[in-house]
Amino acid sequence: MLIELYANPGFQAVALPESPISSLNGELPDEETGLELGDLLGSFSSREEAIAAITQQVSEQNGQVTESHSAPFNDYSHVEWLTVTVQTANQQTESRAYYLVTDEGY
């Protein structure tokens, strides 16, 4: 299994991320308009490796990931949302969101 990790730069911490794909009923959309190649952070063998990469990136910025949550948008989607809670170097807490896209969709 291959998992692509995408940043979700428009995420607002007051709600769960919205699905970036246009069809949630199991039909393959022509184009997944919410996923931009510029937001692709990397490809990984597992969800755990993707989260470890985020943790490493946050650590390099003198922060710490304190928790993470992920779930599929629905049973038919090959895209999951992932949110992480980060404690920054100045002790502020913020939420960051990502998309995990697997090659085992539909």
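Since the structure is predicted, the reported quantities are computational estimates derived from the model, not experimental observations.

What counts and how
- One numbering rule holds for all chains: residues counted from 1, following each sequence as written.
- Reporting of local features is limited, given that this is a predicted model, to residues whose pLDDT is at least 70; pairs of side-chain atoms are given and counted only at 80 or more, and all residues count toward the totals for whole chains, interfaces and linings.
- As a convention, hydrogens and water are excluded, and side-chain values are obtained from all of the structure's heavy atoms.
- Note on conventions: DSSP H or I runs of at least 4 residues are helices, E runs of at least 2 residues are strands, and numbering of each starts at the N terminus.
- Whether a residue is buried, partly exposed or exposed follows from its accessible area with a 1.4 Å probe, protein chains only, as a fraction of its type maximum: under 20%, in between, or over 50%, in that order.
- When checking whether two residues touch, look at their non-hydrogen atoms; a contact exists if any pair is within 4.5 Å.
- Only when DSSP finds a minimum of two bridges between them are two strands counted as paired.
- Here a polar contact means two N or O atoms within 3.5 Å. Within protein one must be a hydrogen donor candidate and the other an acceptor candidate, and residues neighboring in sequence count only if both atoms are side-chain atoms.
- The pLDDT score gives, residue by residue, the confidence of the prediction method on a 0 to 100 scale.
- Angles here are taken between N-to-C directions and fall from 0 to 180 degrees, while the axes themselves are lines fitted to C-alpha atoms, restricted in helices to the stretch in contact.

Asker: What exactly am I supposed to notice about the overall build of the chain here?
Answerer: The helix and strand inventory of the chain stands at 1 helix and 5 strands. Going from the N terminus to the C terminus, the chain shows its helices and strands as β-β-α-β-β-β. Scored against the burial criterion, the 106 residues of the chain give a buried share of 36%. Of the contacts formed within the chain by residues at least 6 apart in sequence, a portion of 61% connects residues at least 24 apart.

Asker: Got a minute to help me understand the pairing of strand β3 (residues 64-72) in this structure?
Answerer: Within a regular strand, the side chains alternate between the two sheet faces. Sheet topology places β3 next to strand β4 (residues 79-87); 8 bridges connect them, and they run antiparallel. What sits directly across from Ser 70, in β4, is Leu 82. Following β3, the chain reverses through 6 residues before pairing antiparallel with β4.

Asker: Please explain the environment of Gly 38 as it appears in this structure.
Answerer: Tracing the backbone shows Gly 38 in the loop between β1 (3-7) and β2 (40-44). Measuring from C-alpha to C-alpha, the distance between Gly 38 and Ala 7 comes to 8.8 Å, with 31 residues separating the pair along the chain.

Asker: Can you help me understand the side chain of Asn 8 in this one?
Answerer: Counting through the fold element by element, Asn 8 comes out in the loop between β1 and β2. Taking the relative accessible area as the measure of exposure, Asn 8 reaches 13% and is therefore buried. A distance of 3.2 Å separates the side chain of Asn 8 from the side chain of Tyr 99, its partner in a polar contact.

Asker: It is not clear to me how the confidence of the model for the chain should be interpreted in this structure. Could you clarify?
Answerer: Low-confidence regions, as indicated by low pLDDT, have predicted coordinates that should not be scrutinised in detail. Put simply, the chain has an average pLDDT of 80, and 75% of its residues get 70 or more. Ranking the elements of the chain by mean pLDDT puts strand β5 (residues 93-102) last, at 90, and helix α1 (residues 47-60) first, at 95.

Asker: Help me understand the sheet that holds β1, please; the structure alone is not making it clear to me.
Answerer: Backbone hydrogen bonds hold the strands of a sheet together, and the pairing may be parallel or antiparallel. The antiparallel open sheet is built from 5 strands, whose spatial order is β2-β1-β5-β4-β3. Each having just a single partner strand, β2 and β3 make up the two edges of the open sheet. For this sheet the average axis-to-axis angle between neighbouring strands, irrespective of direction, equals 25°. The strands touched by α1 within the sheet are β1, β2, β3, β4 and β5, with β3 carrying the most contacts at an inclination of about 150°.

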